[in-house]
Amino acid sequence: MKKRQILIVLTAVLIVVGSIFLSKVLTDAKEAPEKKDPIVAKKYVKTTSVRYDDIQTDVLAYGRVKTAQSLDLLSEVAGRMFEGKIRLKEGVNFKKGTLLFYVDDREASLNLKSQKSNFLRDLAAILPDLKIDFGENYSTWQQYFSTIDIDKNLPALPKSTSDKEKTFLATKGIYSTYYTIKSAEERLRKYRYYAPWDGSISEMVFETGAFINPGIKIGRIMRSGLYELQVSVETKDVPWIQEGAPAKVFAEETQQLWEGQVSRISDFVNQSTQSVDVFVAIRPSNQRIYDGQFMQAAIPARIIKDGMIIPRNAIYNNNEVFVLEDTLLKTKKIDIYRLSEEVAIFGGLEACDELVVEPLINAHNNMTAYKLNENAIDLERKNVTKTKLVANPDSEDVVAN
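Everything numeric in this text was worked out from a predicted model, so none of it was measured.

Peer 1: Quick rundown of the overall build of the chain? Include the residues and the values.
Peer 2: Secondary structure assignment for the chain yields six helices and 22 strands. Burial status across the chain gives 32% buried among its 401 residues. Considering only contacts within the chain whose residues lie at least 6 apart along the sequence, 72% involve residues at least 24 apart. Accessible area of the chain: about 26000 Å², with a carbon and sulfur share of 52%.

Okay, structure coming up:
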């Protein structure tokens, strides 16, 4: 009985040992799988060599055009108003010296003629005395009396030859009457309003035939061919602009360009825009400009010595950039001279440094990177593609990143 048990145990042990041995033989006979090296994607960055130069900067600003000269039409006299040589309608153009409107002056004109008649009467009354007492100047006064025309302005009075003659004329009221008439002549001119320059009517309040009072606004006129562009400039850019500097004025809607000049700069901040108003005088040209048109002005600012322009998004932490040294990214600080929405002008790096000019994601100091080169990128893509094809020969679509 014992022999049988021992035999069973030995048989079981032999089976276990045989199984282990057979498993090891089969394992050793199986070919080990090939180890694959991981595919490493290289980081390429766009760089440019640092080169400094003198840079002419510009200040870009936007605003609306307005005529450089505009006047309110006001009457200094009362009466019924009538149109002159043009129609009193908005948009009507006129030339310098054109009669725009007039006020009925018949009463004032007749009153002036009456005063001139009285003046002639007074002169006629003193001519005999002048002949007797001031014979040396009688012919002058006689000629002056004959040249007076009631329908024309009074000529200037002859000069007195002595204080005695001057006293005689003053006591007869000649001087007083003369200056009263000259004052009435000046007032009669105010019944007619002539255009002070070439322009157009921008606003009319009263129609022809309306009765107007002194000081009441009749309309508004604006000068043509002389326009200004009022632009808003940030306070940080104002020190860069100089009065009298040339400027370019551009209308995006019509794709037109004008030459201009900075005519003046405000010395206060506009409360509505929180910026400083700069006025650019637009030089006349054959291209038409409309009052109220929205335009852009490029004003040359000061020249920056030894500067370089880079995209603004290539700057990190306000004043840091990446520089590629061999195959390592290095962070360096720069001196920023001027910032705009898209670019920056800087200094502070060594000339010929390889400056990274594109924004980098998750980049850090001492990170491995390579200079962007199309040939190198193409070769890298071919190597990656070849590696993937060997690893997966049955794949139909292989994309190299």
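Peer 1: Describe the confidence of the model for the chain, with residues and values.
Peer 2: The predicted model of the chain averages 84 in pLDDT, with 86% of residues at 70 or higher. Below a pLDDT of 50 lies the segment residues 375-401, which in the model reaches 17 contacts outside its immediate sequence neighbourhood of four places, other chains included.

Peer 1: Got a sec to walk through the environment of R87? Specific residues and values, please.
Peer 2: Looking at the element boundaries, R87 is found in the loop between strand 5 (79-83) and strand 6 (93-94). Judged by relative accessible area, which is 54%, R87 ranks as exposed. Setting aside anything within four residues of it in sequence, one finds R87 in contact with V92 and I201.

Peer 1: Can you break down the packing of aromatic side chains residue by residue, with the values?
Peer 2: Inspection of every chain in the model, using the stated rule, returns 10 aromatic pairs. Between Y316 and F322, the ring centres sit 5.2 Å apart and the planes meet at 70°, which makes this aromatic pair edge-to-face. Linked through ring pairs, F119, Y178 and Y179 together constitute an aromatic cluster. Across the ring face of F279, the terminal group of R264 is positioned such that the distance to the ring centre comes to 4.0 Å. Directly above the ring of W240 sits R338, whose terminal nitrogen or CZ lies 5.2 Å from the centroid.

Peer 1: Quick one: what's the story with helix 5 (residues 174-189), residue by residue and with numbers?
Peer 2: The end-to-end C-alpha distance of helix 5, which contains 16 residues, comes to 23 Å, matching closely the 22 Å that a straight helix rising 1.5 Å per residue would cover. Along helix 5, the positions that sit buried rather than exposed are I174, Y178, I181, A184 and E185. Looking down the long axis of helix 5, one finds its buried residues gathered within 125° of arc, a one-sided arrangement. For helix 5, exposure combined with an orientation more than 90 degrees from the buried face picks out S176 and Y179.

Peer 1: Outline the pattern of salt bridges, listing residues and values.
Peer 2: This structure, assessed with the given rule, holds 21 salt bridges. With a closest N to O distance of 3.5 Å, D122 and R121 form a salt bridge. The exposure class of R121 is exposed, given its relative accessible area of 52%. Taken together, the salt bridges that share partners define one network made up of D72, E203, K217 and R220.

Peer 1: So what about the pairing of strand 19 (residues 335-339)? Which residues, and what values?
Peer 2: Across four bridges, strand 19 lies against strand 20 (residues 343-347) in antiparallel orientation. Of the residues in strand 20, the one forming a bridge with I336 is F346.

Peer 1: Describe the sheet that holds strand 7 (residues 99-103), with residues and values.
Peer 2: One open sheet accounts for four strands, arranged 8-7-5-10; its pairing is antiparallel. At either margin of the open sheet sits one strand with a lone partner, and together these are strand 8 (192-194) and strand 10 (211-212). By the bridge criterion, three bridges tie strand 5 to strand 7 in an arrangement that is antiparallel. Across the sheet, residue F82 finds its bridge partner in strand 7, namely Y102.

Peer 1: Give me the packing of helix 2 (residues 106-133) against helix 5: which residues, what numbers.
Peer 2: Describing two packed helices takes the angle between their axes plus the distance from one axis to the other. Running from N to C, helix 2 and helix 5 point in directions that differ by 160°, and their axes come no closer than 10 Å. The angle between the axes of helix 2 and helix 5 places the two elements in the roughly antiparallel class. Remark: the crossing between helix 2 and helix 5 carries left-handed chirality. Here helix 2 contributes A108, S109, L112, Q115, K116, F119, D122, L123 and I126 to the contact with helix 5, which in turn contributes I174, T177, Y178, T180, I181, A184, E185 and L188. Each residue belonging to the contact of helix 2 with helix 5 can be placed in one class, and the counts come to 10 nonpolar, four polar and three charged.

Peer 1: Which residues make up the sheet that holds strand 4 (residues 70-74), and what are the values?
Peer 2: Strand order in the open sheet formed by four strands is 4-11-9-6, with antiparallel pairing between adjacent strands. Taken across any chain shown, the strands that pair with only one partner, and hence form the sheet edges, are strand 4 and strand 6. Pairing of strand 9 (residues 199-204) with strand 11 (residues 217-223), which is carried by five bridges, proceeds in the antiparallel orientation. Directly across from G199, in strand 11, lies its bridge partner R223.

Peer 1: Talk me through the nonpolar core; I want residue IDs and the actual numbers.
Peer 2: Generally speaking, a soluble globular protein has its nonpolar side chains buried in company with each other. By size, the foremost hydrophobic cluster in this structure holds 28 residues, and its most contacted members are L229, V233, I282, M295 and I299. When contributions to this core are tallied by element, the ones reaching two or more residues are strand 3 (53-67), strand 12 (227-233), strand 13 (246-251), strand 14 (256-270), strand 15 (275-282) and strand 16 (294-311). Per element, the largest residue contribution to this core is five residues, and it comes from strand 16. Membership of the second largest hydrophobic core comes to 19 residues, among which are I126, W141, I148 and A184.

Peer 1: Report on the environment of Q261, specifying residues and quantitative values.
Peer 2: By the secondary structure assignment, Q261 is in strand 14. Classification of Q261 by relative accessible area gives partly exposed; the value is 35%. For the pair Q261 and V280, spaced 19 residues apart in sequence, the C-alpha separation works out to 5.3 Å. Setting aside residues no more than four positions away along its own chain, Q261 makes contact with G244, A245, P246, A247, F279, V280, A281 and R283. Within the structure, Q261 has its side chain in polar contact with the backbone oxygen of G244 (distance 3.0 Å).

Peer 1: Which residues make up the side chain of E185, and what values go with them?
Peer 2: Looking at the element boundaries, E185 is found in helix 5. For E185, a relative accessible area of 3% gives the class buried. A polar contact of 2.8 Å, which involves the side chain of E185, links it to the backbone nitrogen of L154. Dropping the residues within four chain positions of it, E185 is found in contact with L112, K116, K152, N153 and L154.

Definitions and limits used
Numbers given to residues run from 1 along each chain, matching the order in which its sequence is written. This being a predicted model, a pLDDT of at least 70 is required before a residue's local features are given, and a value of 80 or more before pairs of side-chain atoms are given or counted; all residues contribute to the totals for chains, interfaces and linings. Only heavy atoms go into the side-chain values, all of them from the structure, while hydrogens and water stay out. Secondary structure is summarised from DSSP: a helix means a run of H or I of at least four residues, a strand means a run of E of at least two, and numbering begins at the N terminus for each. Only protein chains enter the accessibility calculation, which uses a 1.4 Å probe; a residue whose area is less than 20% of its type maximum is buried, one above 50% is exposed, and one in between is partly exposed. Here, residues are in contact when the closest pair of their heavy atoms is within 4.5 Å. Calculation of accessible area relied on Shrake-Rupley with a 1.4 Å probe; when residues are assessed, cover is drawn exclusively from the protein chains displayed. Known as pLDDT, the predictor's confidence for each residue is given on a scale from 0 to 100. Note on ring pairs: Phe, Tyr and Trp rings are taken, using the six-membered ring of Trp, and paired if centres are within 6.5 Å. Classes follow the plane angle, with under 30 degrees stacked, over 60 edge-to-face and the rest tilted. Each ring is checked for a lysine NZ or an arginine CZ that lies within 6 Å of its centre and within 35 degrees of its normal; such an atom marks a charge sitting over the ring. A helix is expected to reach a length of 1.5 Å times the quantity of its residues less one. What the arc describes is the spread of directions from the helix axis to the C-beta atoms. By salt bridge we mean one thing: a side-chain nitrogen of Lys or Arg within 4 Å of a carboxyl oxygen of Asp or Glu. Only strands joined by at least two bridges in the DSSP assignment are considered to pair. Orientation is described by axes fitted as lines to C-alpha atoms, over the contacting stretch for helices, and by angles from 0 to 180 degrees between their N-to-C directions. Working rule for angles: under 35 degrees goes down as roughly parallel, over 145 as roughly antiparallel, 65 to 115 as roughly perpendicular, anything else as oblique. In a left-handed crossing the near helix is turned counterclockwise from the far helix by less than a right angle, and in a right-handed crossing that turn is clockwise. Classes in brief: Ala, Val, Leu, Ile, Met, Phe, Trp, Tyr, Cys and Pro nonpolar; Asp, Glu, Lys and Arg charged; the others, Gly included, polar. As used in this record, nonpolar core signifies buried Ala, Val, Leu, Ile, Met, Phe, Trp, Tyr and Cys residues forming a set joined through side-chain atoms within 4.5 Å. We call two N or O atoms a polar contact when they sit within 3.5 Å, provided that within protein one can donate a hydrogen and the other can accept it, with sequence-adjacent residues counted only if both atoms are side-chain atoms.

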